[in-house]
Amino acid sequence: MTKIVELNELMKKYTQELSDALQRKDLDSAISREIALLEALIAVAKNEIISVINDPTVKNIAESYVLSHEKTLSYARGVLEGLRYVSPIYALGEKEQIVHLLASSVSELFSFIMGALLIVASLSPPQQEPFGVV
């Protein structure tokens with residue numbers, strides 16, 4: 001199971017790297033980092049959250065929510081592919097919009113995952129050390 005602390009550290013690292021890339025006005029680097037993180041978060045959502053949901057209705061809702069983020073990722077990739085054939089002057093504005101779109105998606109999905117992991121962790125029995133050794 002993904003540890004909440006590890007996920008939190010991943011987001012801190014992402015936030016710092018994204019901030020650095022944006023300060024350098026390196027939109028390509030910012031976008032590639034956002035895409036990589038969104039892929040990782042989608043995997044966590046599918047493997048750690050959706051896979052443990054038993055209620056079919058709740059599972060369907062969660063799958064639909066994650067699917068919307070997968071569509072955002074596909075859209076961003078498609079726009080980036082199309083930008084290869086556009087003048088760099090016009091591509092800059094589109095890349096800025098992609099950065100904002102992906103940042104929003106990452107933030108939303110991260111919040112969903114953190115909330116779900118906290119609930120799953122609270123429902124799980126506390127971990128006992130073998131033989132009562134702490």
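Look a little higher up for the structure.
Caption draft 1: Seen up close, the overall build of the protein. Scanning the protein from N- to C-terminus turns up 4 helices and 0 strands. When the elements of the protein are put in sequence order from the N terminus, they spell out α-α-α-α. Its C-alpha atoms give the protein a radius of gyration of 18 Å, more than 25% over the compact-globule value 14 Å for 134 residues. Considering only C-alpha atoms, the protein reaches an extent of 65 × 35 × 15 Å along its principal axes.

Caption draft 2: Representation of the side chain of Thr72 within the structure. By secondary structure assignment, the location of Thr72 is in helix α3 (residues 56-83). Sequence-distant contacts of Thr72, that is, excluding residues within four places in its chain, are made with Leu101, Leu102 and Ser105.

Caption draft 3: Looking closely at the pattern of salt bridges. All chains considered together, the criterion is met by 8 salt bridges. Its salt-bridge partner being Arg24, residue Asp26 comes within 3.6 Å of it at the nearest N-O pair. A residue is classified by how much of its surface remains accessible, and Asp26, at 27% relative accessible area, is partly exposed. Arg24 gets classed as partly exposed once you look at its relative accessible area, which sits at 49%.

Caption draft 4: Region of interest: the nonpolar core. Formed by 35 residues in total, the largest nonpolar core has its most connected members in Leu41, Leu109 and Ile113. The set of elements that each furnish at least two residues to this core consists of α1 (4-23), α2 (27-49), α3 and α4 (88-123). If near-sequence neighbours (up to four positions away) are discounted, Ile113 is found in contact with Leu7, Leu41, Val44, Ala45 and Ile49.

Caption draft 5: Seen up close, the environment of Leu118. Tracing the chain through its elements places Leu118 in helix α4. When the C-alpha atoms of Leu118 and Lys3 are compared, they prove to be 9.9 Å apart, with 115 residues separating the residues in sequence.

Caption draft 6: View of the packing of α3 against α4. Closest axis-to-axis distance for the α3/α4 pair is 10 Å, and the angle between their directions is 160°. Looking at the two axes, α3 sits roughly antiparallel to α4. Where α3 crosses over α4, the two elements pack in a sense that is left-handed. Residues Ala62, Tyr65, Val66, His69, Thr72, Tyr75, Ala76, Val79, Leu80 and Leu83 of α3 pack against Ala91, Glu94, Lys95, Ile98, Leu101, Leu102, Ser105, Glu108, Leu109 and Phe112 of α4.

Caption draft 7: Main features of a nonpolar patch on the surface. Together, Val86, Ile89 and Tyr90 make up a nonpolar patch on the protein surface, roughly 360 Å² of accessible area in all. If you trace the backbone, Val86 turns up in the loop between α3 and α4.

What counts, and where the lines are drawn
- Residues numbered from 1 in each chain as written.
- Predicted model: local features only at pLDDT ≥ 70, side-chain atom pairs only at ≥ 80, totals over all residues.
- Heavy atoms only, no water.
- Helix = DSSP H or I, 4+ residues; strand = E, 2+ residues; numbered from the N terminus.
- Rg over C-alpha atoms; globule rule 2.2 N^0.38 Å.
- Contact = heavy atoms within 4.5 Å.
- Salt bridge = Lys/Arg side-chain N within 4 Å of Asp/Glu carboxyl O.
- Buried < 20%, exposed > 50% of the residue type's maximum accessible area, 1.4 Å probe, protein only.
- Core = buried A, V, L, I, M, F, W, Y, C linked by side-chain atoms within 4.5 Å.
- Axes fitted to C-alpha atoms, helices over the stretch in contact; angles between N-to-C directions.
- Parallel < 35°, antiparallel > 145°, perpendicular 65-115°, else oblique.
- Left-handed = near helix turned anticlockwise from the far one by under 90°.
- Patch = residues over 30% accessible without salt bridge, like charges linked within 9 Å, V, L, I, M, F, W, Y side chains within 5 Å.
- Areas by Shrake-Rupley, 256 points an atom, 1.4 Å probe, with all protein chains shown as cover.

Geometric values such as these leave the question of function open.
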